Amino acid sequence: MSSILTNNSAMVALQTLKGINKNLAMTQNEISTGKSIATAKDDSALWSIAQTMQSDVDGFAAISGSLALGSSTVAVARDASESITTLLGDIKEKIVAAQEENVDRDKIQSDIEALRGQVVSIFNAAQFNGQNLLQNTSATSGSGTMQVLSSLDRDSNQVVSSRDITVQKQDLGTGDSTAGTTASTDYTATAAGTPAADGGTGSYTLALGTGVTEVAALTSFELDLSSFDTASVTSTASVQYVAREGDTLVDVAAGLAAAANFTLAGEGNTDIVLSAASGTAAGSAVITVTNNSGDAVAAALANADITITSDGNIGGGLELLGDIDVSTSNGASAALSAIEYLTQRSIDAAAEFGSIQGRLEIQADFISRLSDNLKSGIGALVDADMEEASARLQALQVQQQLGIQSLSIANQAPQNILSLFR
């Protein structure tokens, strides 16, 4: 049956043409944007996944900047530490030369002071964007470290957390420390034995108090050297080490031993030598006192020989460098006992910075490759296949032309009814 009110053929042709035009518009949009899924309405699930991945890529771009800044800061500190180590080696040469009697110690001392001034200059200049990793005299909790943002971790529940690489500050300054006055009960110092003559030993054991997990900054450990009096040598001096942020009891023990050896040698007593090591208990340290002289130490070591206070003033890690004076024979001997400790401290600092710089560079390289892989994954999800889109466009253009012709033919069908009325 033919009807002039309802043209079924035209309706079919029109719907077909609409479908062709819709597909053509989608294909043209893919070609113009380069994406098969440009908005959430194209495919909400894949679009959501792609957007989440893109947000991670954007975050990793910021992390790359953080790693670059951190690596540069550490590189400055490492280079400065290496330079200071070289200068300390030069100072050691001068100190060794001063051990001879037939030398001009005053001129050697002048050379040492010049080199010491250069150490201070490098120390002060070793900053990047205001951050100096060679200075660690603040007592504020956490000030002894620098945190470098290194990663963003997303778990299966879509919870995102940041990860940091911790850079431990070192201290290669030459400032003086001072002992505190307020007694602290957070630590114990237990003495044992009497260092008798000819290699006899005694010891002090430093330990954390009950409930104490770390050494607090500004804690002062003062050692009375009169405990080491012998028949031939009497000392009236005391030495101290004031803990800085991040120090352990082994650091404290090493600092006390170095200061004691330096002071005793300066007084003419090179036979009594102190050394430091880790204790048997977790977190403890032992200072061993060895007497290589022919005279026995007058009294047993006592717990009261070490005074512990909570409000000292932190000195520089190379504090002893400021006290080196080779103008006398005793001063030259004292300097020789101190320079090894100072050199090792700067070597350890450079090694620590070198290790952490390598880690930062490895992480930066990984983040770069991870970002590239995420970008590839996003592309696989939402990017258009341009070869396929080009072929589909040509086919749809042909279909569009045929659809228009079909609609035109279908629209002409009612005209045939007029012939029935002639």
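Just above sits the structure.
None of the values given here were measured: they were computed from a predicted structure.

Caption draft 1: Region of interest: the overall build of the protein. For the protein, the helix and strand inventory stands at six helices and nine strands. Its C-alpha atoms give the protein a radius of gyration of 39 Å, clearly above 22 Å, the size a compact globule of 422 residues would have. Taken along the three principal axes of its C-alpha coordinates, the protein extends 150 × 50 × 30 Å. At a minimum sequence separation of 6, the contacts of the protein that also span at least 24 residues come to 75%.

Caption draft 2: Expanded view of a negative patch on the surface. On the surface, Asp104, Asp106, Glu113 and Asp325 cluster together to form a negatively charged patch. Its place among the elements puts Asp325 in the loop between strand S9 (306-309) and helix H5 (329-382). Under the relative-accessibility criterion, Asp325 is labelled partly exposed at 35%.

Caption draft 3: Representation of the pattern of salt bridges. Across all of its chains, the model carries 10 salt bridges by this definition. The partner of Glu101 in a salt bridge is Arg105, and the shortest N-O contact between them spans 3.7 Å. Looking at Glu101, the relative accessible area reads 56%, which means it is exposed. The class for Arg105 is buried, based on a relative accessible area of 10%. One salt bridge connects Asp153 with Arg163, and the closest N-O pair in it is separated by 2.7 Å. Taken together, the residues span a long stretch of sequence, with Asp153 in strand S1 (residues 145-154) and Arg163 in strand S2 (residues 160-168) at a distance of 10 residues. Here the residues in one salt-bridge network are Asp171, Arg244 and Asp247, joined through shared partners.

Caption draft 4: Local environment of the packing of helix H2 (residues 44-97) against helix H3 (residues 105-125). Between H2 and H3, the least distance of the axes is 10 Å, while the angle of their chain directions is 170°. Judged by the inter-axis angle, H2 sits roughly antiparallel to H3. Touching Ala80, Ser83, Ile84, Leu87, Asp90, Ile91, Lys94, Ile95 and Ala97 of H2 are Ile108, Asp111, Ile112, Leu115, Arg116, Gln118, Val119, Ile122 and Phe123, all from H3. Tallied by class, the residues present in the contact of H2 with H3 amount to 12 nonpolar, two polar and four charged.

Caption draft 5: Looking closely at the side chain of Ser293. In this structure, Ser293 sits in the loop between strand S8 (285-291) and S9. In contact with Ser293, other than residues within four places in its own chain, are Ala197, Asp198, Thr230 and Asp271.

Caption draft 6: Expanded view of the sheet that holds strand S7 (residues 272-278). What the four strands build is an open sheet, ordered S3-S4-S8-S7; its pairing is antiparallel. Both edges of this open sheet fall to strand S3 (187-192) and S7, since each of them pairs with a single strand only. Within this sheet the neighbouring strands show an average axis-to-axis angle of 20°, counted without direction.

Caption draft 7: Structural context of helix H6 (residues 386-412). Taking 1.5 Å of rise per residue, the 27 residues of H6 would be expected to cover 39 Å, and the 39 Å separating its terminal C-alpha atoms lies within 8% of that figure. Taken as a whole, H6 has its buried residues at Ala389, Leu393, Leu396, Gly403, Leu407 and Ala410. As for H6, its buried residues are in contact with helix H1 (8-33).

Caption draft 8: Representation of the nonpolar core within the structure. Core analysis: the biggest nonpolar cluster contains 85 residues, and Leu223, Phe228 and Leu274 have the highest contact counts within it. Take this core: its biggest share by element is 15 residues, from H5. Residues within four places of Phe228 in sequence aside, it is in contact with Tyr204, Leu223, Leu264, Ile272, Leu274, Val289, Val297 and Leu301. Residues Ala10, Ala13, Leu17 and Ala410 belong to the second largest nonpolar core, which totals five residues.

Caption draft 9: Highlighting the packing of aromatic side chains. A complete count under the given rule lists one aromatic pair for this structure. Judged by centre distance (5.5 Å) and plane angle (65°), the rings of Tyr187 and Phe221 are edge-to-face. Highlighted residues: Tyr187 in strand S3 and Phe221 in strand S5 (residues 220-224), separated in sequence by 34 residues.

Caption draft 10: Up close: the sheet that holds S5. Strand order in the open sheet formed by three strands is S6-S5-S9, with antiparallel pairing between adjacent strands. One side of each edge strand has no neighbouring strand; the edge strands of this open sheet are strand S6 (238-242) and S9. Between one strand axis and the next, the sheet turns through 20° on average, direction left out of account. In this structure, S5 lies alongside S9, joined through four bridges in antiparallel fashion.

Caption draft 11: Up close: the packing of H2 against H5. In contact at an axis separation of 6 Å, H2 and H5 are set at 160° when each is read in the N-to-C sense. Of the possible angle classes, the one that applies to H2 and H5 is roughly antiparallel. Remark: the crossing between H2 and H5 carries left-handed chirality. Looking at the contact of H2 with H5, its residues break down into 34 nonpolar, 13 polar and seven charged.

Caption draft 12: Molecular detail of unusual backbone geometry. In this structure, Asp198 takes a positive phi of about 55° despite not being glycine. The topology assignment puts Asp198 in the loop between S3 and strand S4 (200-208). At Leu218, a residue that is not glycine, the phi angle is positive and equals roughly 80°. With respect to the element layout, Leu218 can be found in the loop between S4 and S5. Using a relative accessible area of 26% as the deciding quantity, one classes Leu218 as partly exposed.

The rules behind the values
Residues numbered from 1 in each chain as written. Predicted model: local features only at pLDDT ≥ 70, side-chain atom pairs only at ≥ 80, totals over all residues. Heavy atoms only, no water. Helix = DSSP H or I, 4+ residues; strand = E, 2+ residues; numbered from the N terminus. Rg over C-alpha atoms; globule rule 2.2 N^0.38 Å. Contact = heavy atoms within 4.5 Å. Patch = residues over 30% accessible without salt bridge, like charges linked within 9 Å, V, L, I, M, F, W, Y side chains within 5 Å. Areas by Shrake-Rupley, 256 points an atom, 1.4 Å probe, with all protein chains shown as cover. Salt bridge = Lys/Arg side-chain N within 4 Å of Asp/Glu carboxyl O. Lys, Arg positive; Asp, Glu negative; His and termini not counted. Charge placed at Lys NZ, Arg CZ, Asp CG, Glu CD. Buried < 20%, exposed > 50% of the residue type's maximum accessible area, 1.4 Å probe, protein only. Axes fitted to C-alpha atoms, helices over the stretch in contact; angles between N-to-C directions. Parallel < 35°, antiparallel > 145°, perpendicular 65-115°, else oblique. Nonpolar A, V, L, I, M, F, W, Y, C, P; charged D, E, K, R; others polar. Pairing = 2+ DSSP bridges. Expected span 1.5 Å × (residues − 1). Core = buried A, V, L, I, M, F, W, Y, C linked by side-chain atoms within 4.5 Å. Phe/Tyr/Trp six-rings, centres within 6.5 Å; stacked < 30°, edge-to-face > 60°. Left-handed = near helix turned anticlockwise from the far one by under 90°.

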